[in-house]
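# Structural overview for review
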Amino acid sequence: MVAGTKTQTEQPDVHEIAGGWITEKKGTEVPPFLRVAYVVIASCCVAYLILFMYGEVGHAERGPLVKQLNMTTMTSEPLMYGVAAMAALFFVGVSVFAAQKGKE
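First things first, this report covers the structure right here in the doc. Counting of residues starts from 1 at the beginning of each chain's written sequence and follows it residue by residue. Selection of residues for local features in this predicted model requires a pLDDT of at least 70, selection of side-chain atom pairs for listing and counting requires 80 or more, and totals for whole chains, interfaces and linings are taken over all residues. Hydrogens are left out, water is left out, and the side-chain values use all remaining heavy atoms of the structure.

### Description of a nonpolar patch on the surface
- Residues enter patches when they are more than 30% accessible in relative terms and free of salt bridges; like-charged ones are connected within 9 Å and nonpolar ones (Val, Leu, Ile, Met, Phe, Trp, Tyr) within 5 Å. All accessible areas in this document rest on Shrake-Rupley with a 1.4 Å probe, and a residue is counted as covered only by the protein chains that are shown. Each salt bridge in this description consists of a side-chain nitrogen of Lys or Arg and a carboxyl oxygen of Asp or Glu lying within 4 Å of one another. Side chains of L49, I50, L79, V83 and M86 sit close together on the surface and give an oily, nonpolar patch of about 460 Å² of accessible area.
- Sorting the residues of the nonpolar patch by element identifies α1 (32-51) and α3 (77-99) as the ones contributing at least two each.
- The dominant element in the nonpolar patch, judged by the number of residues it contributes, is α3, at 3 residues.
- Note on conventions: DSSP H or I runs of at least 4 residues are helices, E runs of at least 2 residues are strands, and numbering of each starts at the N terminus. With respect to the helices, strands and loops of the structure, I50 is situated in helix α1.
- We classify I50 as partly exposed; its relative accessible area is 47%. Burial classification: accessible surface area is computed with a 1.4 Å probe over protein chains only, and a residue below 20% of its type maximum counts as buried, one above 50% as exposed, and the rest as partly exposed.

What follows is the structure, encoded as structure tokens:
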């Protein structure tokens, strides 16, 4: 074998994740569009939780039924805001994590 040539069995520096289900070249960065996608998806989830916390009460046909169900089941406002707060904390964590440069 000549020095400086690679055989077909040698592989580039590959990093295996999840027991080999995901492989990537070492030193590769997360693409910017994927970083933005994390932030957009997480913020949409938090907005959905806050906007539809009590169901679709503004709907013309289902709204009165949803309001009646909420009054009957006695929805827990602190619990709903607690879930929304946990989702917001998750959103902040994902945003900070997505903004950081990857480290090996």
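### Description of helix α2 (residues 63-73)
- If you check which residues of α2 are buried, you get G63, V66 and N70. All buried residues of α2 fall inside an arc of 65 degrees around its axis, so they share one side. Exposed residues pointing more than 90 degrees away from the buried face of α2 are listed as L65, L69, M71 and T72. Throughout, the arc means that of the directions going from the helix axis to the C-beta atoms.

### Overview of the pattern of salt bridges
- Applying the stated criterion across every chain yields a total of 1 salt bridge.
- With a closest N to O distance of 2.9 Å, R62 and E56 form a salt bridge.
- Overall, R62 belongs to the partly exposed group, its relative accessible area being 43%.

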